[in-house]
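These are the residues of each chain, in order.
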Amino acid sequence: WDKVESQDLCFVPDGDYAGFVSAQALKRGRAMPGPGTIVGDDGAVLGRHDGVHRFTVGQHRGLGNLTTKDRLYVTSIDPTTAEVRVGNKAAAERSELEIRDLRWLAPVRASLSAAVQVRHRGSPINAEIVIEGDRAKVRLAESTVAARGQAAVIYDGDRVLAGGWLA
């Protein structure tokens, strides 16, 4: 309670999330994913990594020294083969999203035009939204890097209407 405001996880004060996951897994007697390859869209091996638990889809920082000069984003992770696939920004972007476990802070609507924000540092993007129970189908006016499991918030101006998780 007496810490400086942060958008980080309070129980990982040093920012080493992969180290935290490793320590907790070992503490519980679970094996950690081993090293693997970082592969480009064309299937070429661009580099190696120390475990898929160190990556998230959409990530572009911390990819190490890859054999390319282009800015790359993680587009998929396969823990069974320890492969992390990367591509350019367009390969990581999506213009259609589905939000699950939708929770409303405003009266529920069947459809609406609103703004959707999917990254805490991202900007809300205008969208057309269709509601189906506790899910929403979203068509964004412009593509953004978005990954399953990220939070998604629906806004009307600066008013939060609803939120959930990307499916």
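No experiment lies behind these values; they were computed from the predicted model shown. (Residues numbered from 1 in each chain as written. Predicted model: local features only at pLDDT ≥ 70, side-chain atom pairs only at ≥ 80, totals over all residues. Heavy atoms only, no water.)

## A few points about the pattern of salt bridges
Then step 1. Scanning the entire structure with this criterion turns up four salt bridges.
Then step 2. Residue R85 pairs with E83 through a salt bridge whose shortest N-O separation is 3.3 Å.
Then step 3. By relative accessible area, R85 is classed as partly exposed at 24%.
Then step 4. Ionic pairing is found between D101 and R100, a salt bridge with its closest N-O pair at 2.5 Å.
Then step 5. Its relative accessible area of 28% is what places R100 among the partly exposed residues. (Salt bridge = Lys/Arg side-chain N within 4 Å of Asp/Glu carboxyl O. Buried < 20%, exposed > 50% of the residue type's maximum accessible area, 1.4 Å probe, protein only.)

## Some thoughts on the sheet that holds strand β1 (residues 36-39)
Two strands in a sheet stick together by hydrogen bonds in their backbones, pointing the same way (parallel) or opposite ways (antiparallel).
Then step 1. The mixed open sheet is built from four strands, whose spatial order is β2-β1-β4-β3. Edge strands, defined here as strands with exactly one partner in the open sheet, are β2 (45-49) and β3 (73-78). When the angles between neighbouring strand axes are averaged without regard to direction, this sheet yields 25°.
Then step 2. Bridge count for β1 against strand β4 (residues 83-87) is three bridges, and the pairing is parallel. The residue of β4 that forms the bridge with V39 is R85. (Pairing = 2+ DSSP bridges. Helix = DSSP H or I, 4+ residues; strand = E, 2+ residues; numbered from the N terminus. Axes fitted to C-alpha atoms, helices over the stretch in contact; angles between N-to-C directions.)

## Examining the side chain of Q117
Then step 1. Tracing the backbone shows Q117 in strand β6 (residues 111-117).
Then step 2. Within the structure, the side chain of Q117 is placed 3.0 Å from the backbone oxygen of R119, a separation counted as a polar contact.
Then step 3. Those residues within four positions of Q117 in sequence are excluded, and the remaining contacts are G122, S123, P124, A151, A152, V153 and Y155. (Polar contact = N/O pair within 3.5 Å; in protein donor to acceptor, adjacent residues only side chain to side chain. Contact = heavy atoms within 4.5 Å.)

## Overview of the environment of V84
Then step 1. Positionally, V84 belongs in strand β4.
Then step 2. If near-sequence neighbours (up to four positions away) are discounted, V84 is found in contact with T37, I38, V39, H49, V52, F55, V74 and S76.

## Some words on the layout of surface pockets
Then step 1. The calculated volume of the largest pocket comes to roughly 1,600 Å³.
Then step 2. Secondary-structure elements contributing two or more residues to the lining of the largest pocket are α1 (17-27), β3, β6 and β8 (135-145).
Then step 3. For the lining of the largest pocket, the element with the highest residue contribution is β8, accounting for four residues.
Then step 4. Across the lining of the largest pocket, the residue classes tally to 13 nonpolar, 15 polar and 10 charged. (1 Å grid on protein atoms, 1.4 Å probe; cavity = no way out; pocket = protein on both sides within 12 Å on 5 of 7 lines; lining within 4 Å. Points joined across faces, edges and corners; volume = space filled by probe spheres on them. Nonpolar A, V, L, I, M, F, W, Y, C, P; charged D, E, K, R; others polar.)

## Let's talk about a positive patch on the surface
Then step 1. Side chains of R61, R71, K89, R119 and R121 sit close together on the surface and give a patch of like positive charge.
Then step 2. Structurally, the position occupied by R119 is in the loop between β6 and β7 (125-132).
Then step 3. Owing to a relative accessible area of 35%, R119 belongs among the partly exposed residues under this scheme. (Patch = residues over 30% accessible without salt bridge, like charges linked within 9 Å, V, L, I, M, F, W, Y side chains within 5 Å. Areas by Shrake-Rupley, 256 points an atom, 1.4 Å probe, with all protein chains shown as cover. Lys, Arg positive; Asp, Glu negative; His and termini not counted. Charge placed at Lys NZ, Arg CZ, Asp CG, Glu CD.)

## Some thoughts on the confidence of the model for the chain
Then step 1. This prediction gives the chain a mean pLDDT of 88; 93% of its residues lie at or above 70.
Then step 2. Per-residue pLDDT, averaged within each element of the chain, yields its smallest value for α1 (81) and its largest for β7 (97). (pLDDT = per-residue confidence, 0-100.)

## Describing the side chain of Q59
Then step 1. Assignment of secondary structure puts Q59 in the loop between β2 and β3.
Then step 2. Accessibility expressed as a relative area gives 16% for Q59, which makes it buried.
Then step 3. A polar side-chain atom of Q59 sits 3.0 Å from the main-chain amide nitrogen of T56.
Then step 4. Setting aside chain neighbours within four positions, we find Q59 in contact with R54, L72, Y73 and V74.

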